[in-house]
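Residue-level structural notes
Chain by chain, the residues:
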Amino acid sequence: MEFIVKGSFVVVRPDKILEDAVVVVEDDRIVDVGKESELKGKYSGYEIIGGKGKVVLPGLVNCHTHAAMTLLRGYADDMVLSEWLTQKIWPVEAHLKPEDIYVGTLLACLEMLKSGITAFADMYFYMDKAAKAVVESGIRAVISHGMIELGNAEKGERDLREAERIVRTCQGLGDGRVTTMFGPHAPYTCSPEYLQKVKETAEKYDVGIHIHLAETKDEVEKIKNTFGIDLKGKGVIEYVDELGILDSSVLAAHVVWVSEKEIKILAERGVKVAHNPVSNLKLASGIAPIPQMLRNGVTVGLATDGAASNNCLDIFEEMKVSAIIHKAHSFDPTVTSATEVLEMATIGGAKALFLDKDIGTLEVGKKADIVILDLKKPRLVPLHNIVSHLVYAAKCNDVCTVIVDGKILMENGEVKVLDENKVIELAQKTAEDLISRAQT
Ligand SMILES: [Zn+2]
């Protein structure tokens, strides 16, 4: 299908904005981008979507989530992370069936598409069911089977085999929209030997690793309590680096508790960081030193984490929160700029998902993953600076049209690929059934 996406503004990249411009799409790719006046006539007969009063931008990327946790949205709040996990989340997760993962992921895909997210990194289980939801919804995702070994060799082996099965069977599904990684949960739930084994296996398949790192202050202590390993003053990043885990194929979620030295290690190894400011604030995990990471050249993308700890999957909210918390935290409003934040939400996220050759900007040759926002909203008037509006003023429901892989999935607020009401009803019923199974 060929069409033209037109806007009063086209954000080619956060540092390159064109006024009164168009993006030309043929099949799944962007074939031309430029001022409307210059491209006029060259593509006559192409359908035009968008128009005046619209801003066209690269699809937003959510670098770390547990999509099917939408089923647990609002189930348990205002608790300490360890108690929240052990008393509330893990007992319910033990009752999750494959079909629940499909429904929960489908709900997440619907929520994300409606908020302008066109790609996400997911770590959970029954990931073939998550892949099914991704394929059906038209979104793009990097999926990984979450592996929790806790020193139990048999459980570890089972998880590793399942992770391999997911990589073998899901890589490339949905015309290449589904890609895969290995998902060892964290250094406090996976032994050092296991982490190394997973790393070796991921190398064999030539895919990345998606892992939680340095999320909470007590992680060093948790590693000691679970595996009897004393880090002797070292941080978690130093520890996993010494195990040989860190390189440019690693996507590390959170990375809140890191030293200056460890930030340099992350930069040297090319590790990608998924910054989850809302989840980190809600679970009181702390504030990741993102400005320092950016200054040291670390690649950072934005993320929501699972809906149970957020409680929504909304990168506009993450953009605003990440833009402002670091200012207050350092008593310096200049430490994060709107342009840097929009970069994290687009090209930074694309790099974190190892998809930056294909997505993250609206440049010729890239996949057509495009979002259109309506600027005719009281909160977006007047307009002096479009990047400022996108980061500080816009809300996810200002998104009107979403295109992934050259397919129009939502147009003027109407979701075309899924039956929205059906997904909502199904998710409500599935969540109720799940909680009642867990409580009996
Ligand atoms: Zn997580």
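Note that the coordinates shown come from a computational prediction; the quantities given were computed from them, not determined experimentally.

**Looking at the nonpolar core**
Judged by nonpolar contacts, the single largest core of 118 residues is most densely connected at W84, F182, L213, V255, M293, M319 and L373. A total of ten residues in this core trace back to one element, the largest contributor, which is helix 3 (residues 98-114). Residue contributions to this core reach at least three from each of two domains, namely domain 1 (2-58 + 370-404) and domain 2 (60-352). Setting aside anything within four residues of it in sequence, one finds M293 in contact with V255, V258, I263, V273, V298 and V300. V10, L18, V33 and I372 belong to the second-largest nonpolar core, a separate cluster that totals 19 residues.

**Quick word on the coordination of the zinc ion**
The coordination sphere of the zinc ion contains the protein donors H64 (NE2), H66 (NE2), H212 (NE2) and D305 (OD), at a distance range of 2.1 to 2.5 Å. For the zinc ion, the four donor atoms in the first shell make angles of 87 to 172 degrees at the metal, so the coordination geometry reads as irregular. Read from N- to C-terminus, the donor residues coordinating the zinc ion fall into the pattern H-x1-H-x145-H-x92-D. Note that H66 is positioned in the loop between strand 5 (60-65) and helix 2 (81-93) and D305 in the loop between strand 12 (299-302) and helix 13 (315-330), a separation of 239 residues in sequence. Looking at H66, the relative accessible area reads 8%, which means it is buried.

**Examining the pattern of salt bridges**
When their charged atoms lie close together, side chains carrying opposite charge are able to pair. The final tally for this structure, using the stated rule, is 33 salt bridges. Two residues, K377 and D398, come together in a salt bridge whose shortest N-O distance is 2.9 Å. In this pair, K377 is assigned in the loop between strand 13 (370-374) and helix 15 (386-393) and D398 in the loop between helix 15 and strand 14 (399-404), connecting sequence segments 21 residues apart. When the shortest N-O distance is used, the salt bridge between D398 and R379 registers 2.9 Å. Linking D398 in the loop between helix 15 and strand 14 with R379 in the loop between strand 13 and helix 15, this pair joins segments that are 19 residues apart in sequence. According to the relative accessible area criterion, R379 is partly exposed, its value standing at 37%.

**Concerning the sheet that holds strand 10 (residues 250-254)**
Read across the sheet, eight strands follow the order 5-6-7-8-9-10-11-12 without closing on themselves; strand pairing throughout is parallel. Sheet topology places strand 5 and strand 12 at the edges, where each strand pairs with a single neighbour. Between one strand axis and the next, the sheet turns by 25 degrees as a mean value, whatever way the strands run. Relative to strand 11 (residues 272-275), strand 10 runs parallel, the two being bridged by three bridges. If you follow A253 over to strand 11, its bridge partner there is A274. Against the sheet, helix 7 (residues 192-205) touches strand 7 (140-147), strand 8 (178-184), strand 9 (208-213) and strand 10, its axis set at about 160 degrees to strand 8. Packed onto the sheet, helix 14 (residues 338-352) meets strand 5, strand 8, strand 10, strand 11 and strand 12 and runs at close to 110 degrees relative to strand 12.

**Examining the domain arrangement of the chain**
In terms of domains, the chain is made up of domain 1 (2-58 + 370-404) and domain 2 (60-352). Taken over C-alpha atoms, the centre of domain 1 sits 30 Å from the centre of domain 2. Taken together, the contact between domain 1 and domain 2 spans 19 residues of the former and 24 residues of the latter. Both faces combined, the contact of domain 1 with domain 2 buries some 1700 Å², and carbon together with sulfur accounts for 74% of it.

**Some words on unusual backbone geometry**
A cis amide bond links N310 with the next residue in sequence, N311, at an omega value of 15 degrees. Take N311: it is sitting in the loop between strand 12 and helix 13. With an omega dihedral of -5 degrees, the bond running from V381 to P382 counts as a cis peptide bond. Backbone geometry at A214 places phi at a positive 50 degrees, although glycine is not the residue there. By the secondary structure assignment, A214 is in the loop between strand 9 and helix 8 (219-227). For A214, a relative accessible area of 1% translates into the label buried. Although it is not a glycine, K232 adopts a positive phi angle of roughly 50 degrees. Assignment of secondary structure puts K232 in the loop between helix 8 and helix 9 (236-242).

**Focus: the packing of aromatic side chains**
Under the defined criterion, the tally for this structure stands at four aromatic pairs. On the numbers, 4.5 Å between centres and 15 degrees between planes, the contact of Y124 with F125 is stacked. A residue is classified by how much of its surface remains accessible, and Y124, at 5% relative accessible area, is buried. Given a relative accessible area of 21%, F125 falls into the partly exposed group. Pairing F182 with Y205 gives two aromatic rings, centres 5.9 Å apart and planes at 40 degrees, and the pair type is tilted. Placement of the pair is F182 in strand 8 and Y205 in helix 7, with a sequence separation of 23 residues. On the accessibility criterion, Y205 (23% relative accessible area) is partly exposed. Following the ring pairs from residue to residue traces out a cluster consisting of Y124, F125 and Y126. Over the ring of Y75 we find K88, and its NZ or CZ is 5.2 Å from the ring centre. Across the ring face of Y188, the terminal group of K222 is positioned such that the distance to the ring centre comes to 4.0 Å.

**Description of helix 15**
What sets the pattern is the α-helix's 3.6 residues per turn: residues three or four places apart point alike. Most of helix 15 is tucked away, with six of its eight residues classed as buried. Taken together, the buried positions of helix 15 are I386, V387, H389, L390, V391 and A393.

**Thoughts on the sheet that holds strand 3 (residues 29-35)**
In spatial order, the strands read 3-2-1-4-13-14-15-16; together these eight strands make up an open sheet with mixed pairing. The outermost strands of the open sheet, each flanked by one partner alone, are strand 3 and strand 16 (414-415). As paired elements, strand 1 (residues 2-13) and strand 4 (residues 47-58) share seven bridges and run parallel to each other. In the sheet register, I4 faces strand 4, and the bridge partner there is I48.

About the thresholds
- Residue positions are given per chain, counting from 1 as you read along its sequence in written order.
- With the structure being a predicted model, the display of local features is reserved for residues of pLDDT at least 70 and the display and counting of side-chain atom pairs for 80 or more, all residues being used for whole-chain, interface and lining totals.
- Only heavy atoms go into the side-chain values, all of them from the structure, while hydrogens and water stay out.
- Joining through side-chain atoms within 4.5 Å is the link that ties buried Ala, Val, Leu, Ile, Met, Phe, Trp, Tyr and Cys residues into a set, and such a set is a nonpolar core.
- Accessibility here uses a 1.4 Å probe with only protein chains present; expressed as a share of the type maximum, an area under 20% marks a residue as buried, one over 50% as exposed, and anything in between as partly exposed.
- Numbering of helices and strands runs from the N terminus; a helix is a DSSP stretch of H or I covering at least four residues, while a strand is a stretch of E covering at least two.
- Domain start and stop points were drawn from an automatic or database domain assignment.
- Residue contacts are counted whenever heavy atoms from the two residues lie within 4.5 Å of one another.
- Here a donor is any nitrogen, oxygen or sulfur atom (N, O, S) within 2.8 Å of the metal, with 3.2 Å used for Na, K and Ca; water is not among the atoms considered, so some sites may look incomplete.
- Geometry is assigned from donor-metal-donor angles: four donors are tetrahedral when every angle falls between 85 and 135 degrees, four are square planar and six octahedral when opposite donors sit over 155 degrees apart with all other angles between 65 and 115, and any other arrangement is irregular.
- The working definition used for a salt bridge is a side-chain nitrogen of Lys or Arg within 4 Å of a carboxyl oxygen of Asp or Glu.
- Two strands form a pair only when DSSP identifies at least two bridges running between them.
- An axis is simply a line fitted to the C-alpha atoms; with a helix, the fit covers only the stretch in contact. Between two such axes, the angle follows the N-to-C directions and lies from 0 to 180 degrees.
- Values labelled buried area give the accessible surface lost by two parts on being combined, using a 1.4 Å probe and summing over both.
- Aromatic rings from Phe, Tyr and Trp, with only the six-membered ring used for Trp, were paired whenever their centres fell within 6.5 Å, and each pair was classed as stacked if the ring planes differed by under 30 degrees, edge-to-face if by over 60, and tilted otherwise.
- Whether a charge lies above a ring is judged from NZ of Lys or CZ of Arg, which has to be within 6 Å of the ring centre and within 35 degrees of the ring normal.

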